Amino acid sequence: MNVRDTAPEGSVLEEVSFELNGHTISRSVPAAASLLDILRASGQVTSARAGCRVGRCGACQVLLDGCAIPACLVMACQLPGRRVETVEGLDSDPDFLTVRDALAGANALQCGYCTPGFAISLVAGLRQRRQGHQVDLAETVAGNLCRCTGYGGLRRAVGQLSDPGHHANADGPGDSLLGEQK
Amino acid sequence: MGFDRTMETRGDIVTLDTGSAADSPSAVNLHRRIEGRLAYATDQQELPGLLHGAILRSAHPHARIIRVDSARAWGMPGVQGVVTAADVPGLNRFGIVVRDQPVLCDDHVRYEGDAIAAVAADTREQARAALEAIEVSYEPLPVISDVTMAEQQAAIHDTNGSNLLARETLLRGDVDDAFARCAAIVEHQYQTPRQMHAFMETEGGVAIPDGQGGLVFRVGCQSGHRDAQQLADILGLAPDQVAVEAVATGGAFGGKDELTIQPVAGVLALQTGRPVMIHLDRFESCRAGMKRHPVSVKITTGCDAGGRLLGHRVEAVLDTGAYASLGPAVLANYLDHATAPLYRIEAYRVSGRLVYTNNGVCGAFRGFGGNQATFAVESQLDALAQKLGIAPTALRRINLRSPGEPGSRSQTVRWTAPPADVLAEAAASPLWSARHAGAGRWLTGTGMAMGAQGNGLGDDLPDSGGGQISLSPAGRIRVAFGFSDFGQNIAEAITCSVCDGLGCQEDDVEVVLGHSRGPDSGPTSASRSSVLMHGVLTSLLPRWKAMVCHQAARLTGYPEDGLEPGPGGLFLNNHQVLSYRELAESSDPDCMVAEASQDFPVAPGHEQPVGRYLQLQIATVARVAVDRLSGRVRVTDLHHVTAAGRVIYPPGYLGQIEGAAVMGLGMTLTEDLPTRDGRYVADNLDQYLIPVFHDAPRQRVDVLDNTPKDDPFPVRGVGELGIEAVAPAITAAIEAATGIRVRQLPVDPGDLLMALSAQEQDL
């Protein structure tokens, strides 16, 4: 499928070039085409998924110049010269591997449809933290929805990432009443 | 292993943790999902010749169709196929219980999600654009939106006579006499919302012509075999011409139990001879997809001066929407749970009505009517305790059933722990020690509720299933079941069970799920998979062990009775003599295939439906904080005490309880999809609010397993247990914090705020 074909008939096409997972890609697309559609039509990305198309669910979260953003909210005309990363391009990224192991270790997923989006948000947080910013990792996933897990495993994974010495079974940082009583 | 697979919980209470799931059999599977390498039903973009389908939905919630003119759509760019009702080759109806839902509507539309026509085109946008060229003339009919008026209005299905689809009454003893002897009686009205499944992957997938006139479906679903049967009837194909292939499904929760887009995709694929993908966007999923039945119920419950429950009267109305789907079975399960399965009640009259309206379609949803009933029943117990001036836990203790006693419908029941022990653990929860309400902005309180949950479809529905074990050409122990995979950890539970049974290691095992041409395990629903899996493997593994040892003995010359399967291969006196790979390479693969199937365990000795035989329990303790300024409720902690048999795979058990509980929290606090004149008032996740990370409470899941040693069913299914008691536990906690009991869900912060200020004015 070509993105050109996803445009309503008669749309004006623009030539757009940006960096996707380290490689330049160029596409002729309508200016208002969403990055989500461009990615899914690229044949290179399935991890960005349409959950709502209104920027609410985070299932299409990608890194745009290092910042996590839902791909459904980015238009083609905003892309030239920008750098886009998805989990497909992060297989040797140390922050991603840290996140992946934390999510797997905490069984922080079930169906997994939303999971790459969570991973992207957390990678962005770890990178900011690495740059010396104060980052509340729980805040980074505030825009990601998960319907399967009740966020239990995600809380454990975020706790682990926030404080690597954190015992994986203690639930959330600090003040767990249940934890104190155990 | 990061967790102890043979964890012995018998007789002890154990708090579950995930240990390190990274070392578990699911690690590879988890990594594929995290790295985006797992292809879901709606990711199959690379099929040669793939077309994209779009569906024209009704413009009215209720209307007569006068004419459908699709001629102009054929001329639209990229269009390869256009179908209307006349193009459905077989039966233009589907439905698991009653086949009353049209694939494409012919004479009437009955809800705003009804499908009228569909287009297949080279691109999704072209298909959508072509829908605009289809002209439909309607004669609008009165919209039946108020469930209380529906039975007095003209029937929306002329085949049914009235809008009453089903009515059922369960009776025990003389209710009038029982109420006459009560010292305390409480009567209240309760209402639960129309909850949306909100799986992250909306309904979708692809229908692929097989080149020989048949079709292969790769669509997110819960029951491949049953779907294949319905689809063969719809498409006018022989049963063996329809295959449903396993594909990763991005959440289901009951919402993909019924057919979704398969019939329309199939009709388009047959017409065009090309693969057709349909993937609903969230707007269309909200409008057309299945929902949870809203229930309105009046309950009267009474007890004697000592707190013993004597009389219980339930009158419930369930809005099933435009089509039956699993509605009649939901009604049956609602009523079963409304008899209060955990408690002795001398006499009850429990009745319910299932009513057609033009409000969407309701069907299966985790809990399946049971949790709606438990909300009302548990709230009634709290009200009675208050009236008697005793603690809610005390009232429950007086009335809980003992193991060995019959169930609430006089059936034989198998519990996995004494209900009183579950209550005692909940009563000792550390959350109670912080139950005093604060004086600042936040009012805090703690409450609890209990729930029972049966396994299996119920004994008025046929329920059986099987599995298969074989040695793959590469020498892996291949275990096949027909269950769908939504990441619910059934694959890990199977792997653990096979390793336990054969002494092999996880790498030796390959689990194959969900192909309609593989073993039929029945639907992936009703918390039934684990029970069936355990039963089938219990019969399969010893047989297969004998087959493998026999074959290995022939190859090696060692005595058959000295050989044992173990990690990596066959052992004689603790020395490996043959690897599974060597065994596979030198054997005919067909000589080591074993199959087994069994009926789902039901209560013995009954002709009539009597309620579930295998019963689980949960007690949920909730702690909430109510914001005095906004009326909003935060659930800070949930502590669950569960009794659900042996834990096979701890991270999976934990995840099921936690996930179901937060789904129940959503239903209690924010989730509802009301209709106005038959149209939903919300159409996406920005208006329909499911819990986010910050809404999720701290949770603790305890396991109490006192299953009798001779119990033939030590493994139970926990997919629904976690949702059972959450809502009444939260409303009990709200009452502890504020003195206000909420009986209509979801809790309305505005109403709560008004009630709080009314209280303050009274002071």
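Residues numbered from 1 in each chain as written. Chains lettered and ligands numbered in written order. Predicted model: local features only at pLDDT ≥ 70, side-chain atom pairs only at ≥ 80, totals over all residues.

Re the overall build of chain A
Thought 1: Summing up its helical and strand segments, chain A has seven helices and five strands in all.
Thought 2: Ordered by position in the sequence, the α and β elements of chain A form the string α-β-β-α-β-β-β-α-α-α-α-α.
Thought 3: The 182 residues of chain A split such that 57% are buried. (Helix = DSSP H or I, 4+ residues; strand = E, 2+ residues; numbered from the N terminus. Buried ≥ 20, exposed ≤ 12 C-beta atoms within 10 Å, placed from the backbone.)

Considering the overall build of chain B
Thought 1: On a plain count of helices and strands, chain B comes out with 16 helices and 31 strands.
Thought 2: What you see for chain B is a C-alpha radius of gyration of 27 Å, in line with the 27 Å of a compact globule of 763 residues.
Thought 3: The C-alpha extent of chain B, read off along each of the three principal axes, is 85 × 75 × 50 Å.
Thought 4: Residues counted as buried form 60% of the 763 residues belonging to chain B.
Thought 5: Contacts in chain B between residues far apart in sequence, at least 24 positions, make up 80% of those at least 6 positions apart. (Rg over C-alpha atoms; globule rule 2.2 N^0.38 Å. Contact = placed C-beta atoms within 7 Å.)

Examining the sheet that holds strand 13 (residues 276–279) of chain B
Residues and elements named next belong to chain B.
Thought 1: In spatial order, the strands read 4-6-2-13-10-11-12; together these seven strands make up an open sheet with mixed pairing. At either end of the open sheet lies a strand with only one pairing partner, and these are strand 4 (79–83) and strand 12 (242–244). The average undirected angle you get between the axes of adjacent strands in this sheet is 20 degrees.
Thought 2: In this fold helix 2 (residues 124–131) packs onto strand 2 (51–57), strand 4 and strand 6 (115–121), with an angle of close to 30 degrees to the strand it touches most, strand 2.
Thought 3: This element, helix 4 (residues 224–235), spans strand 11 (215–219) and strand 12 of the sheet and lies at about 150 degrees to strand 12. (Pairing = 2+ DSSP bridges. Axes fitted to C-alpha atoms, helices over the stretch in contact; angles between N-to-C directions.)

A few points about the packing of helix 3 (residues 94–105) of chain A against helix 4 (residues 115–130) of chain A
Residues and elements named next belong to chain A.
Thought 1: At a closest axis distance of 9 Å, the pairing of helix 3 and helix 4 adopts a crossing angle of 130 degrees. It follows from the interaxial angle that helix 3 and helix 4 lie oblique. Crossing of helix 3 against helix 4: the hand is right-handed. Packed against helix 3, whose contacting residues are Asp95, Phe96, Thr98, Val99, Arg100 and Leu103, the element helix 4 presents Thr115, Ala119, Leu122, Val123, Leu126 and Arg127 at the interface.
Thought 2: Per-class residue counts for the contact of helix 3 with helix 4 are seven nonpolar, two polar and three charged. (Parallel < 35°, antiparallel > 145°, perpendicular 65-115°, else oblique. Left-handed = near helix turned anticlockwise from the far one by under 90°. Nonpolar A, V, L, I, M, F, W, Y, C, P; charged D, E, K, R; others polar.)

Structural notes on the interface of chain B and chain A
Thought 1: If you look at the interface, chain B gives 59 residues, while chain A gives 59 residues.
Thought 2: No other element matches helix 14 (residues 650–669) of chain B, which puts seven residues into the side of chain B that touches chain A.
Thought 3: When its residues are assigned to classes, the side of chain B that touches chain A shows 26 nonpolar, 18 polar and 15 charged.

With respect to the nonpolar core
Thought 1: B:Ala118 and B:Val119 are the most contacted members of the largest nonpolar core, which has 301 residues in total.
Thought 2: In contact with B:Ala118, other than residues within four places in its own chain, are B:Gly53, B:Ala54, B:Ile55, B:Leu56, B:Val83, B:Leu104, B:Val264 and B:Leu268. (Core = buried A, V, L, I, M, F, W, Y, C linked by C-beta atoms within 7 Å.)

Focus on the domain arrangement of chain A
Residues and elements named next belong to chain A.
Thought 1: Taken domain by domain, chain A comprises domain 1 (3–89) and domain 2 (94–175).
Thought 2: With 13 residues of domain 1 at the contact, the number on the domain 2 side is 15 residues.
Thought 3: With three residues, the single largest contributor to the side of domain 1 that touches domain 2 is strand 3 (residues 61–64).
Thought 4: Class assignment of the residues belonging to the side of domain 1 that touches domain 2 gives a composition of eight nonpolar, four polar and one charged. (Domains from an automatic or database assignment.)

So, the domain arrangement of chain B
All names here are of chain B.
Thought 1: Each assigned domain of chain B is listed here: domain 1 (1–17 + 414–461 + 610–763) and domain 2 (464–599).
Thought 2: Here the C-alpha centre of domain 2 lies 37 Å away from the C-alpha centre of domain 1.
Thought 3: Taken together, the contact between domain 1 and domain 2 spans 19 residues of the former and 14 residues of the latter.
Thought 4: Broken down by element, the side of domain 1 that touches domain 2 gets its largest block of residues, four residues, from helix 14.

Quick look at the confidence of the model for chain B
All names here are of chain B.
Thought 1: On average, residues of chain B carry a pLDDT of 94, and 96% of them reach 70 or more.
Thought 2: Ignoring residues within four places in sequence, the model shows residues 1–10, a span with pLDDT below 50, making 23 contacts including any to other chains.
Thought 3: Two summary scores accompany this predicted model of the complex, namely pTM at 0.95 and ipTM at 0.95. (pLDDT = per-residue confidence, 0-100.)

Topic: helix 14 of chain B
Because the α-helix completes a turn every 3.6 residues, residues three or four places apart line up on one side.
Thought 1: An ideal rise of 1.5 Å per residue puts 28 Å on 20 residues; helix 14 of chain B measures up with 29 Å between its terminal C-alpha atoms.
Thought 2: With 20 of 20 residues buried, helix 14 of chain B is to be regarded as a mostly interior element. (Expected span 1.5 Å × (residues − 1).)

A short note on the sheet that holds strand 4 (residues 67–70) of chain A
Residues and elements named next belong to chain A.
Thought 1: The sheet built from five strands is open, its strands ordered 2-1-5-3-4 with mixed pairing. The sheet is open, and its two borders are formed by strand 2 (23–30) and strand 4, each paired with just one other strand. Across the sheet, the mean angle separating the axes of adjacent strands is 40 degrees when strand polarity is ignored.
Thought 2: Across eight bridges, the pairing between strand 1 (residues 13–20) and strand 2 is antiparallel. Across the sheet, residue Ser17 finds its bridge partner in strand 2, namely Ser26.
Thought 3: Strands strand 3 and strand 4 of the sheet are contacted by helix 4, whose axis makes an angle of about 30 degrees with strand 3.

Here's the deal with unusual backbone geometry
What is expected of a backbone is that most residues other than glycine have negative phi and most peptide bonds are trans.
Residues and elements named next belong to chain B.
Thought 1: Here Leu745 and Pro746 are connected by a cis peptide whose omega angle stands at -5 degrees.
Thought 2: Mapped onto the elements of the fold, Pro746 is located in the loop between helix 15 (726–738) and helix 16 (749–762).
Thought 3: Within the chain, Ala526 stands out as a residue other than glycine whose phi angle is a positive 60 degrees.
Thought 4: Along the chain, the position of Ala526 falls in the loop between strand 22 (509–513) and helix 12 (529–556).
Thought 5: Although it is not a glycine, Ser527 adopts a positive phi angle of roughly 50 degrees.
Thought 6: Relative to the helices and strands, Ser527 resides in the loop between strand 22 and helix 12.

Describing the environment of A:Val99
All names here are of chain A.
Thought 1: In this fold, Val99 is placed in helix 3.
Thought 2: A tally of 28 C-beta atoms within 10 Å means that Val99 is categorised as buried.
Thought 3: The spacing of Val99 and Leu122 is 23 residues in sequence and 6.8 Å in space, taken between C-alpha atoms.
Thought 4: Dropping the residues within four chain positions of it, Val99 is found in contact with Ala119, Leu122, Val123, Leu126 and Leu161.

Quick notes on the packing of helix 3 of chain A against helix 1 (residues 27–34) of chain B
Geometrically, a packed helix pair is captured by the angle between its two axes and the distance between the axes.
Thought 1: Where helix 3 of chain A meets helix 1 of chain B, the axes come as close as 10 Å, and the angle between the chain directions of the two elements is 130 degrees. In this view, helix 3 of chain A runs oblique relative to helix 1 of chain B, as classed from their interaxial angle. The element helix 3 of chain A and its partner helix 1 of chain B pack so that their crossing is right-handed. Along the contact surface, helix 3 of chain A presents A:Arg100, A:Leu103 and A:Ala104, while helix 1 of chain B presents B:Ala27, B:Leu30, B:His31 and B:Ile34.

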